[in-house]
Amino acid sequence: MPTPSIEDYLERIYELVEEKGYARVSDIASSLDVQPSSVTRMVQRLDTQQYLIYEKYRGLTLTPKGLELGRRIKERHALLAEFLRLLGVKEADVQRDVEGIEHHVSQSTVEAIEDLVRFVQLHPEWRSAFLEFRAQQAARNE
């Protein structure tokens, strides 16, 4: 099971490869706001675990295993963000909250959230009723 740190790196590497077609240590370091030496250590670890192939001074490529995990991590992130938006969480809080919870939910919980998101998308009246309820609760608490 990958650690939260490994997942964060793989997610960002996956996004960089999607955006630019490649990922370099310097790109990863600047986007994660960490030192290049930290990135190098993690990239070497990911290479050892066969998530990517790292060649010093040349950049890196994701293996099929790394691509698959990166895709799943990105999809989980997007799903959790959509879930929070459906609940009416302020956009300013969505990304911060997703970063806080995404590594701490089980696969069965992710699947339940996915089912709920799909249900709400098929039944928008449910979301409207829920948001109205929240507004009423907020008004009572004032």
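Residues numbered from 1 in each chain as written. Predicted model: local features only at pLDDT ≥ 70, side-chain atom pairs only at ≥ 80, totals over all residues. Heavy atoms only, no water.

Formed by 21 residues in total, the largest nonpolar core has its most connected members in Leu10, Ile13, Ile28, Leu46, Leu52 and Leu60. Going through the elements one at a time, helix H1 (4–20), helix H2 (25–32), helix H3 (36–48), strand S1 (52–55), strand S2 (59–62) and helix H4 (64–86) are the ones with two or more residues in this core. Aside from chain neighbours lying at most four places away, what touches Leu10 is Leu46, Tyr51, Leu62, Leu69, Gly70 and Ile73. Residues Leu80, Val94, Val110 and Ile113 belong to the second largest nonpolar core, which totals twelve residues. (Core = buried A, V, L, I, M, F, W, Y, C linked by side-chain atoms within 4.5 Å. Buried < 20%, exposed > 50% of the residue type's maximum accessible area, 1.4 Å probe, protein only. Helix = DSSP H or I, 4+ residues; strand = E, 2+ residues; numbered from the N terminus. Contact = heavy atoms within 4.5 Å.)

Turning to the packing of H1 against H2, a few remarks are in order. Where H1 meets H2, the axes come as close as 10 Å, and the angle between the chain directions of the two elements is 120°. Crossing geometry of H1 relative to H2 is assigned as right-handed. In this structure, H1 contributes Tyr9, Arg12, Ile13, Leu16 and Lys20 to the contact, and H2 contributes Asp27, Ile28, Ser31 and Leu32. Grouping the constituent residues of the contact of H1 with H2 by class yields five nonpolar, one polar and three charged. (Axes fitted to C-alpha atoms, helices over the stretch in contact; angles between N-to-C directions. Left-handed = near helix turned anticlockwise from the far one by under 90°. Nonpolar A, V, L, I, M, F, W, Y, C, P; charged D, E, K, R; others polar.)

Turning our attention to the packing of aromatic side chains. What the rule picks out here adds up to one aromatic pair. Taking the centre distance of 5.6 Å and the plane angle of 5° together, the rings of Trp126 and Phe130 count as stacked. Taken as a pair, Trp126 and Phe130 lie in helix H7 (residues 124–140) at a separation of four residues, close to a single helical turn. Overall, Trp126 belongs to the partly exposed group, its relative accessible area being 32%. When its relative accessible area of 24% is taken as the criterion, Phe130 is described as partly exposed. Its end group placed over the ring of Tyr51, Lys65 keeps NZ or CZ at 4.5 Å from the ring centre. (Phe/Tyr/Trp six-rings, centres within 6.5 Å; stacked < 30°, edge-to-face > 60°. Lys NZ or Arg CZ within 6 Å of the ring centre and 35° of its normal.)

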